[in-house]
Protein chains: 2
Amino acid sequence: MRIALDASGTDDAPHVEIEGALSALAELEDVSITLVGDEGVLTAALADRGVAVSDRLGVVHAPDRILASDSPATVVRRKPESSIVRGLGLHRDGEADAFISAGSTGAVMAASLFLLRPLPGVDRPSVATTLPTVGAPMILVDSGTNVDCKPRQLVQFAHLGSVYARDALGVEGRPRVGLLNIGEEPEKGDELAVETYELLAADSQLQFVGNVEGRDVIRGVCDVLVTDGFAGNVLLKFYESVAQHVVGIVKSNLDLRGIELDYEKTFSMLDYSEYGGAPLLGVNGLSVICHGGSTPKALKNAIRVAADAVRNDLVGDMAAEFADRTAAGPPAGSSATAT
Amino acid sequence: MRIALDASGTDDAPHVEIEGALSALAELEDVSITLVGDEGVLTAALADRGVAVSDRLGVVHAPDRILASDSPATVVRRKPESSIVRGLGLHRDGEADAFISAGSTGAVMAASLFLLRPLPGVDRPSVATTLPTVGAPMILVDSGTNVDCKPRQLVQFAHLGSVYARDALGVEGRPRVGLLNIGEEPEKGDELAVETYELLAADSQLQFVGNVEGRDVIRGVCDVLVTDGFAGNVLLKFYESVAQHVVGIVKSNLDLRGIELDYEKTFSMLDYSEYGGAPLLGVNGLSVICHGGSTPKALKNAIRVAADAVRNDLVGDMAAEFADRTAAGPPAGSSATAT
């Protein structure tokens, strides 16, 4: 398979991208990579490393830069020669099986929606983020892509997350779906949560395990945690920072006493770069979004995430999930989704 | 001053309450405490400890038990002899300067609203929780009391939190108010956040420092963090659990290697019981709400919180803050609050 990699995405592009690509090529034998960016810059950077362009490592020229001032919505029209638009074009045209970028999330989202299109039955594609827990990792959907969601959109997230949990995390059978909420009982929460609870409980395609409170998130009580992107994003960003902070307290304390600890190993559970990237779920294609501050290791893992998704036909599985929903007719209680 | 303490609130009542009260009496010379609960049970429990009822430690009989099945809204009418209703009645009637309970939060809230009444200008009283950060502690308001809030209600939370930060945390001048959001720019977030941002920025009584993302919470970038109770509660409960979890990882790792660490001291920053209880802000009285799982130390600290609030005239200061708002007329942009 061939993966198109935006080589202008990270804060330290293209070096991080090239290092990540080289690691992935060494590890994943069936993967080829196309670096998408300024050809001159990329060729020089590869030459510096003594690496030649080959069948497995190509370069596609994309000279335009997307700036912070560019509106994501206009990127496709105004920056057709940017790495994001060129790379997604390669994927759409069948010249790549997936696209990966650590560039502007807004721009990648908007360009992916425009060029790949949402799958039938999906109102709002969503980025699913994998969160470490005490048990197995958990899919958080939505983690910041969509705010002001409707109940039926959260139900769609539950389906997208379920397919992803099966394909990416290897969950057997029906993944356990939880609803992020502020109490255990069905009537707890805001209007969105109360209405979503009803719809999830009535959806026979899902294994709904009920409300999940903030304190239960870390316990790994579900495989897919469904929420609006506002609370999801607060949770995600807070998680990362508080874990780092507590590890920092430990480190400064032990350093003072001369005690060494293998922090990377001890806290590997908290290491986000293990998961590398998050695919945009619900579009007719595979667009994997990474942090702007990604390390080479994170990018290598994002390439692995993309390769796994291609092998498992994640996009086909999502399309089938929503085709089944349509075929089954509206679930009981779906009239409430019109609110 | 005299503080009425619900002696039937915690999971291990009345022992935790009595221990907390005795510690507080030893520490706070100007405080007297009235234990509110079953007189027979309390008298026996005090006798077991060799403690006599005195001027500083009284007992008021309240035989009714509030059950999980009782609707909070009906508690005042149906359970007038419960410790919550009796204790709040003592405060309302001037026989106590404050009321503290670790009982059902919903029941304490509802009874406080009914018996003490909201202050003029306050739509929804709110529980303010003190969160530890890398810097100074921070007031999170709302932390789960109110969901589906309107922008103008979040602005009221900002005022309530500002008064509390001055009176309880000793912040000088105008406390820094941040808005919990999923991006830094004013246009980021959901509708509620975008509209609230405008109102906060236009409110000359407040020192608004802008949006605060999940990753910034722990950094202590503001004194008052304003949000709807849904995101606030998710954040609060998650904080507690993830900190415990990371500390647990450290402990099991160091235990295996025979390394001892004073966890209580090392992680004192993360110790919620330091803050003990949270007053219900925006009512015409002082009702302090504690965790059902409170320790004697937490209850002692809640008594300290209540005593500080009485000394600083928190209720008078809140009333003055809202009187100033009314006198100043509606702030610019307040028409948007009608949404």
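Residues numbered from 1 in each chain as written. Chains lettered and ligands numbered in written order. Predicted model: local features only at pLDDT ≥ 70, side-chain atom pairs only at ≥ 80, totals over all residues. Heavy atoms only, no water.

## What to know about the pairing of strand S4 (residues 98-101) of chain A
Working note: regular strand, side chains alternate between the two faces of the sheet. All names here are of chain A. Burial along S4 is two-sided: Ala98 and Ile100 and Phe99 and Ser101, pointing in opposite directions, are all buried. In terms of strand pairing, strand S1 (residues 2-6) meets S4 through 3 bridges, oriented parallel. Pairing of Ile3 across the sheet is with Ala98, part of S4. Sheet topology places S4 next to strand S12 (residues 287-289); 3 bridges connect them, and they run parallel. Residue pairing in the sheet places Ser101 in a bridge with Ile289 of S12. (Buried < 20%, exposed > 50% of the residue type's maximum accessible area, 1.4 Å probe, protein only. Helix = DSSP H or I, 4+ residues; strand = E, 2+ residues; numbered from the N terminus. Pairing = 2+ DSSP bridges.)

## Brief notes about the interface of chain B and chain A
The interface is formed by 43 residues belonging to chain B together with 44 residues belonging to chain A. Roughly 3,900 Å² is buried in total at the junction of chain B and chain A, and carbon and sulfur atoms are behind 75% of that figure. The three residues of chain B that bury the most area against chain A are Ile182, Phe230 and Phe238 of chain B, which together make up 18% of that side's buried surface. At the junction of chain B with chain A, the criterion picks out 2 salt bridges. Glu213 of chain B is the salt-bridge partner of Lys237 of chain A, the closest N and O atoms lying 2.3 Å from each other. Summed over the shared surface of chain B and chain A, the result is 6 residue pairs in polar contact (both at pLDDT 80 or more). (Contact = heavy atoms within 4.5 Å. Buried area = accessible area lost by both parts, 1.4 Å probe. Salt bridge = Lys/Arg side-chain N within 4 Å of Asp/Glu carboxyl O. Polar contact = N/O pair within 3.5 Å; in protein donor to acceptor, adjacent residues only side chain to side chain.)

## Here we look at the relation of the copies chain B and chain A
Under the fitted operation, chain B is carried onto chain A by 0.0 Å of movement along the axis and a turn of 180°, and the coordinates agree to an RMSD of 0.0 Å. Within this description, the copies of the chain are treated as partners about a two-fold rotation axis. No C-alpha of chain B approaches the rotation axis more nearly than that of Ala231 of chain B, which lies at 2.6 Å. When you check the interface residues of chain B against chain A, 100% turn up at the interface there too, and the contact is symmetric in its surfaces. (Least-squares fit on C-alpha atoms with pLDDT ≥ 70 in both.)

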